[in-house]
Number of protein chains: 2
Amino acid sequence: MIDGASHFKLLQKSTECSARLGELETPHGKIQTPVFMPVGTRGTVKAMAPCELEELGSQIILGNTYHLLLRPGPELIEKAGGLHRFAGWDHPILTDSGGFQVFSLAGLRKMRPNGVEFASHIDGNRFFLGPVESAAVQRALGSDIVMAFDECTPYPCSYKDAEKSLELTHRWESVSREQPLKEGQQMFGIVQGSVYPELREKSAKFITSLNFNGYAIGGVSVGETEEEMIHAMDWTTPFLPEDKPRYLMGVGTPRQIYEGVKRGIDMFDCVMPTRLARHGTAFVTGGKTLAIKAAKCREDFTPIDENCQCYACRNFTKAYIRHLLNVNEILGVRLLSIHNIAYFMDLMSNIRKAIADGTFIEFGKTLI
Amino acid sequence: MIDGASHFKLLQKSTECSARLGELETPHGKIQTPVFMPVGTRGTVKAMAPCELEELGSQIILGNTYHLLLRPGPELIEKAGGLHRFAGWDHPILTDSGGFQVFSLAGLRKMRPNGVEFASHIDGNRFFLGPVESAAVQRALGSDIVMAFDECTPYPCSYKDAEKSLELTHRWESVSREQPLKEGQQMFGIVQGSVYPELREKSAKFITSLNFNGYAIGGVSVGETEEEMIHAMDWTTPFLPEDKPRYLMGVGTPRQIYEGVKRGIDMFDCVMPTRLARHGTAFVTGGKTLAIKAAKCREDFTPIDENCQCYACRNFTKAYIRHLLNVNEILGVRLLSIHNIAYFMDLMSNIRKAIADGTFIEFGKTLI
């Protein structure tokens, strides 16, 4: 069971807004915040090797409890010595609770008081996941940061349904909080409350009263508008303690990350860089995107982004990567994944520098 | 047009057999032979990045004229500055003539006196490839070693058909020999003759009379028995000059490569390491293969091969790679490709060392 202590050092507060620089200590090393966490759903950040993530400066990656529970199973990973050793990643890992995927991916769900019974989306096998089971899986995985098990409130959602869902979430997170973990593992609580300010406030107050090692804002990046995402932050952060890290789940675009940092968020995760890479899309200066398969790239013998120093941009042209994508060669997706992760790592590094220099708002103007 | 000079230095002849150590000079660097050339069909060795091939000691890669003619087309690659610059590979490249794929992959072929009219296997578009066109494409690609355009004799083949095919091959290669190439480009002739010793002898004598920069043995690795492949070498090599490199096309297993080196072959190429990687199979010590998806690897937390020092074996276990293959994660194929290429590079390096040390025959006993 966690002791609820803070492992977060607030290094500097922006003079311009609520942005902050911090350092989060974990058993696998310190993390400079604000930080973006590439998503390694099934024990690998898609198309990337750990050495490439290290070279690009990735400090922490995310693993998905739901996917790893299904395949290869927590028993195997525990036998391998935990997820870090299994996946050859000796730096921090955050695992989610699996709740979000149970509600978005799994079939034939049955809500029970203590969790959810569901069918695997792979083979229909039945599983049960609740606060007790989720913590047990994450304990077996040995992640540095464990997430409490909540119900991700759907969107849109009536006030009454959101209130009912919040009650369940609070009960489940109270149970999560008490589960045994491995030495050094931290647990973050998740604030829900949908688009309703009074529920967000109520949730933030209750969840922080449980004294987790950090706090996440959930129920964002589920289909709501960007304005509603920003509201969710504005209604929550005032009730979060300054000395604990804050994590905006599943977000987002470079602009959304900027807006989050501006409101005092320290941690982000999103599948966007690797997913867009698989769709042939690159992030370029200013947070814009570029479809490499477009005809205009056919004879473009310049790098994806002249300002980028990643392996893809140092060595290959848009025309070559377009060719690789057109003939379905793996190297095409690899190079775009490397570039997109590099883009997000550079973005966070520039954001941290801008906060330190007092030029954060100015920096925001460079992003679409 | 090539001058037919030798760019090959014979460094050492084995005291045990016909094996030899040599050095082949090209515009993109020197190659230590015997050498294995990984196949980069469409401008990329499947699943690998150039930096990984370099790290593993790959000295030269192969590109396929047929595939590159179809997509992205030689015009685009020439505009990019040639295949080396297009693909980010600053070391030697050998391109085949396209003939083999025209006969094995393309649809609706029509034989013409000066080449073959065929339909692309991708979209049915019509193309024409003969000795003139093949050399023009390879000139545009700018490969270091260009192959003459021949007809790859099918297997099995009657004496009469083989004789007729050989006549065509000789005519086409005579035309190939006269085509204009770029400064420094070499051209290799190809000896055919199917399984008939007198045709192999006839072909070797005729093709060497044309004075190419090197000689390939073709029509092997087309479905014939291993014994017939060895016969093809035994019937050809006595008629090849010592001071030019010899290339056994499309071969092969570690054992077949050993048998080739033993008979004085200097160069090999084969899709086997990367193709087997995509099928989940690894090469291990002794030239054996191991199916990583096999149940026995499920909880095997040791590297693919304890004797291998590649990135995959230094950092990951069979259990992890098996998991990646089971869930179709690209990293699984990447790690197996790295390992299999490493296996072939180590094999050639051990072969070269054994020739130098006079222990080549002894080394052969370690291969199944």
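On a predicted model such as this, the values are computed, not experimentally measured, just so you know.

Q: Would you take a moment to explain the sheet that holds strand E2 (residues 20–26) of chain A for this structure?
A: What holds strands together in a sheet is hydrogen bonding between their backbones, with the strands either parallel or antiparallel. Residues and elements named next belong to chain A. Spatially, three strands are ordered E1-E2-E3 in an open sheet, and the strand pairing comes out antiparallel. Lying at the two open borders of the sheet, with one neighbouring strand each, are strand E1 (8–13) and strand E3 (29–33). For this sheet, the mean inter-axis angle between neighbouring strands, taken without regard to orientation, is 15 degrees. Examined bridge by bridge, E1 and E2 share five bridges and lie antiparallel to one another. Following the sheet pairing, Leu10 is matched in E2 by Gly22.

Q: I'm lost on the pairing of strand E11 (residues 186–191) of chain B in this one. Help?
A: Within a regular beta strand, the side chains point alternately toward one face of the sheet and then the other, so they alternate between its two faces. All names here are of chain B. Where burial is concerned, most of E11 is hidden: six out of the six residues are buried. Every second residue of E11 is oriented toward a common face, with Gln186, Phe188 and Ile190 on one face and Met187, Gly189 and Val191 on the other, all of them buried. Pairing of strand E10 (residues 145–147) with E11 involves three bridges; the strand directions are parallel. Residue pairing across strands places Ile145 opposite Gln186, the latter belonging to E11.

Q: Teacher, can you tell me more about the environment of Ile60(A) here?
A: All names here are of chain A. Mapped onto the secondary structure, Ile60 falls in the loop between helix H1 (50–55) and strand E5 (61–63). A tally of 25 C-beta atoms within 10 Å means that Ile60 is categorised as buried. C-alpha of Ile60 to C-alpha of Ala136: the two residues are 76 residues apart in sequence and 21 Å apart in space. The residues touching Ile60, leaving out its near neighbours within four places in the chain, are Ile31, Val35, Met37, His91, Pro92, Ile93 and Leu94.

Q: Which parts of the structure should I look at to understand the relation of the copies chain A and chain B?
A: The relation between the two copies of this chain is a rotation about an axis and a shift parallel to it. Relative to chain B, chain A is turned by 180 degrees and slid 0.0 Å along the rotation axis, the superposed coordinates differing by an RMSD of 0.0 Å. What we have between these two chains is a two-fold relation. Judged by C-alpha distance, Ile330(A) is the residue of chain A that lies nearest the rotation axis, at 3.9 Å. Counting the interface residues of chain A, we find that 97% of their copies in chain B are interface residues as well, pointing to one common contact surface.

Q: For this particular structure, what's the right way to read the domain arrangement of chain A?
A: Many descriptions give the size of an interface as the accessible area lost when the pieces come together. Residue and element names in this part refer to chain A. Each assigned domain of chain A is listed here: domain 1 (8–33 + 64–270) and domain 2 (271–368). Taken over C-alpha atoms, the centre of domain 1 sits 28 Å from the centre of domain 2. In this complex, domain 1 contributes 15 residues to the contact, which on the side of domain 2 involves 14 residues. The biggest single contributor to the side of domain 1 that touches domain 2 is helix H10 (residues 254–262), with five residues. Split by residue class, the side of domain 1 that touches domain 2 holds eight nonpolar, five polar and two charged.

Q: Could you clarify how one ought to interpret the sheet that holds strand E7 (residues 107–112) of chain A in this entry?
A: Residue and element names in this part refer to chain A. Ordered by their spatial adjacency, three strands build an open sheet running E7-E8-E9, and the pairing between neighbours is antiparallel. The sheet is open, and its two edges are formed by E7 and strand E9 (126–129), each paired on a single side. When the angles between neighbouring strand axes are averaged without regard to direction, this sheet yields 20 degrees. Pairing geometry for E7 and strand E8 (residues 115–119), over four bridges, is antiparallel. From the neighbouring strand, Gly107 faces E8, where its bridge partner is Ala119.

Q: What's the story with helix H7 (residues 159–177) of chain A in this structure? I'm lost.
A: Turn by turn, an α-helix covers 3.6 residues, leaving residues three or four places apart pointing in a common direction. In this model H7(A) runs 26 Å from its N-terminal to its C-terminal C-alpha over 19 residues, within 8% of the 27 Å that 1.5 Å per residue would give. Those residues of H7(A) that fall on the buried side of the exposure criterion are Ala162(A), Ser165(A), Leu166(A), Thr169(A), His170(A), Trp172(A), Glu173(A) and Ser176(A).

Q: Help me out: how do you make sense of the packing of helix H6 (residues 131–141) of chain A against H7(A) in this one?
A: Packed helix pairs are specified by the crossing angle of their axes together with the interaxial distance, meaning the distance between the axes. All names here are of chain A. The N-to-C vectors of H6 and H7 enclose an angle of 40 degrees; their axes lie 8 Å apart at closest approach. In terms of orientation, H6 and H7 fall into the oblique class. Viewed along their axes, H6 and H7 form a crossing whose handedness is right-handed. Two secondary-structure elements touch here, H6 through Pro131, Val132 and Ala135 and H7 through Trp172, Val175 and Ser176. When the residues that make up the contact of H6 with H7 are grouped by side-chain class, the tally is five nonpolar, one polar and no charged.

Q: Would you mind going over the nonpolar core with me for this structure?
A: Looking at soluble globular proteins, one finds that nonpolar side chains tend to be buried together. Of all hydrophobic cores here, the largest spans 220 residues; its most connected members are Phe188(A) and Phe188(B). If sequence neighbours within four positions are ignored, Phe188(A) has contacts with Ile145(A), Met147(A), Ala148(A), Phe212(A), Asn213(A), Gly214(A), Tyr215(A), Ala216(A) and Tyr247(A).

Q: Even after reading the chapter, I still don't get the packing of helix H7 (residues 159–177) of chain B against helix H8 (residues 197–209) of chain B, so can you show me in this structure?
A: Residue and element names in this part refer to chain B. With their axes 11 Å apart at the nearest point, H7 and H8 run at an angle of 10 degrees to one another. The angle between H7 and H8 falls in the class roughly parallel. Contacts between H7 and H8 involve Ala162, Glu163, Leu166, His170 and Glu173 from the former and Leu199, Ser203, Phe206 and Ile207 from the latter. When grouped by side-chain class, the residues that make up the contact of H7 with H8 number five nonpolar, two polar and two charged.

Q: For this particular structure, what's the right way to read the interface of chain A and chain B?
A: Taken together, the contacts link 31 residues of chain A with 31 residues of chain B. The greatest single-element share of the side of chain A that touches chain B, amounting to five residues, is contributed by helix H13 (residues 318–326) of chain A. When its residues are assigned to classes, the side of chain A that touches chain B shows 17 nonpolar, seven polar and seven charged.

Q: What should I look at first to understand unusual backbone geometry in this one?
A: Working note: non-glycine residues mostly have negative phi, and peptide bonds are mostly trans. Here Thr33(B) and Pro34(B) are connected by a cis peptide whose omega angle stands at 0 degrees. Between Val251(B) and Gly252(B) the backbone carries a cis peptide bond, its omega angle lying at 0 degrees. With respect to the element layout, Gly252(B) can be found in the loop between strand E13 (246–248) and helix H10 (254–262). Despite not being glycine, Ser194(A) shows a phi value in the positive range, around 55 degrees. The residue Leu108(B) is not glycine, and still its phi comes out positive at about 40 degrees. As for its position among the elements, Leu108(B) is in strand E7 (residues 107–112). Assessed through the 10 C-beta atoms surrounding it within 10 Å, Leu108(B) is described here as exposed.

Q: Please clarify how H13(A) should be interpreted in this entry.
A: Counting buried residues in H13(A) gives eight out of nine residues, a clear majority hidden from the surface. Taken residue by residue, H13(A) has Lys318(A), Ala319(A), Tyr320(A), Ile321(A), Arg322(A), His323(A), Leu324(A) and Leu325(A) as its buried positions. Of the surrounding elements, those touching the buried residues of H13(A) are helix H14 (330–357) of chain A together with helix H3 (74–79) and helix H4 (83–87) of chain B. Looking one or two places after H13(A), you find Asn328(A), whose phi comes out positive at around 60 degrees.

The rules behind these values
Residues numbered from 1 in each chain as written. Chains lettered and ligands numbered in written order. Predicted model: local features only at pLDDT ≥ 70, side-chain atom pairs only at ≥ 80, totals over all residues. Pairing = 2+ DSSP bridges. Helix = DSSP H or I, 4+ residues; strand = E, 2+ residues; numbered from the N terminus. Axes fitted to C-alpha atoms, helices over the stretch in contact; angles between N-to-C directions. Buried ≥ 20, exposed ≤ 12 C-beta atoms within 10 Å, placed from the backbone. Contact = placed C-beta atoms within 7 Å. Least-squares fit on C-alpha atoms with pLDDT ≥ 70 in both. Domains from an automatic or database assignment. Nonpolar A, V, L, I, M, F, W, Y, C, P; charged D, E, K, R; others polar. Expected span 1.5 Å × (residues − 1). Parallel < 35°, antiparallel > 145°, perpendicular 65-115°, else oblique. Left-handed = near helix turned anticlockwise from the far one by under 90°. Core = buried A, V, L, I, M, F, W, Y, C linked by C-beta atoms within 7 Å.

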